[in-house]
Amino acid sequence: MVKRKNPGSDIDIETDSENCLQCFYMCLAASKYGWPYCRPVIVVDGSALKVKFGGMLFAACGHDANGCIFPLTFGIVQSESNESWKWFFEKLRASIGTRESLAIVADRHKGIEFASNLVYPDAAFGICVQHLAANLKTKYKDFKGPLKTYFDGAARSYLVSEYQRHMESIRNRNPDMHRYLVQANPTKWSRAYFNGRRYAIMTTNIVESLNNVDRKARLMPVGFLVEWLRELQQRWFVARHEEAIKLTSKLAPKAEKLIRTNFSVGLLVTSILLAAQMAGMFLKKSGRKLSILPKQSVGPEGHGLEGFCLKEKNMSLFGVVDVMVMDTTDKPVSIQYH
């Protein structure tokens, strides 16, 4: 039925000699066609089925251009093991192939890493830093406050020097934790040492979010679960297609909004620096110095420059600096700086 209604989809059902279900696999055609336009990062995870006969639901997801969850494939197996993960990854590769600079992110289950390295030997494998943090919290009672901050910094740092600085702070406070993190292999959990590109995907949250969506469906028989997953994917794909055909820009809405916001912030910064330069030229003649004191950092969701003021010896040089910019809505906005 799925193949007839969705040409190009991959469906595989394996049964035993008594015609009992052993494995099920599904990859819709829309997932196959859309995957080349997603970030080359695959996030995989498994969740338990809550039915009488048990079983596991495997899922592989990606991020589309708008930063939304992009379902790739689903698999149902009897248990989580090296062989079951190998079967799932082989089906996954047969459906969507591989890509240059591919990265795979998962939890620390040995079967996932085993299958990933076997089926995708050229892909960079990374672990979820949230799962690693949970292990640290269980193992070390003092994993909170500064230690947690240092770990987050070490995991998310882009530069090796920043990573080393945070790790040195961890070693000074808890040498055993430092050894544990080194043994966990920084190439798997640290962005600075990762062998590929994770595109800020440091956790398996996108798959776990999907698991949260289908938690009630996993209480139902397998046939109902499969139909529910198919309907969910098609509903998402249709809704996104309808949104996409209305776009007038070549960029995804999230990307365009980010660019517009950064552009507006850039205009504000340029205006403030220009005002500071003019004030500096004026003060230079009188032998006085000018300083720009930021009271508030620039935030990603807003201009965040309301706290900038020009001061000389803690006295305001200008009562108001009036700047005209184009907001993300393309409407001129007058912003005053006191």
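The structure reproduced in this document is the subject of the present report. (Residues numbered from 1 in each chain as written. Predicted model: local features only at pLDDT ≥ 70, side-chain atom pairs only at ≥ 80, totals over all residues. Heavy atoms only, no water.)

Quick look at the pairing of strand β5 (residues 69-77)
Consecutive side chains of a regular strand alternate in pointing toward one face of the sheet and then the other.
Phase 1 of the analysis: In terms of burial, β5 is largely enclosed, as nine of its nine residues are buried.
Phase 2 of the analysis: Where strand β2 (residues 21-27) meets β5, three bridges bridge the pair, whose relative direction is antiparallel. By the bridge assignment, methionine 26 is partnered in β5 with phenylalanine 74.
Phase 3 of the analysis: Relative to β5, strand β4 (residues 56-63) runs antiparallel, the two sharing eight bridges. When the bridges of β5 are listed, leucine 57 appears paired with isoleucine 76.
Phase 4 of the analysis: Between β4 and β5, which pair antiparallel in sequence order, lie five residues; one of them, glycine 67, sits at a positive phi of approximately 80°. (Buried < 20%, exposed > 50% of the residue type's maximum accessible area, 1.4 Å probe, protein only. Helix = DSSP H or I, 4+ residues; strand = E, 2+ residues; numbered from the N terminus. Pairing = 2+ DSSP bridges.)

Looking at the sheet that holds strand β3 (residues 41-48)
Phase 1 of the analysis: With mixed pairing, seven strands are arranged side by side in an open sheet as β1-β2-β5-β4-β3-β6-β7. The strands lining the two open edges of the sheet, one partner per strand, are β1 (10-15) and β7 (124-127). Taken pair by pair, the neighbouring strands of this sheet meet at an average axis angle of 20°, ignoring direction.
Phase 2 of the analysis: Bridging between β3 and β4 involves six bridges; their strand directions are antiparallel. Bridging across to β4, serine 47 finds its partner in leucine 57.
Phase 3 of the analysis: Lying on the sheet, helix α3 (residues 82-96) is in contact with β1, β2, β3, β4, β5 and β6 (103-106); it crosses β2 at an angle near 30°.
Phase 4 of the analysis: Together, β2, β4 and β5 form the strand contacts of helix α11 (residues 222-244), whose direction differs from that of β5 by roughly 170°. (Axes fitted to C-alpha atoms, helices over the stretch in contact; angles between N-to-C directions. Contact = heavy atoms within 4.5 Å.)

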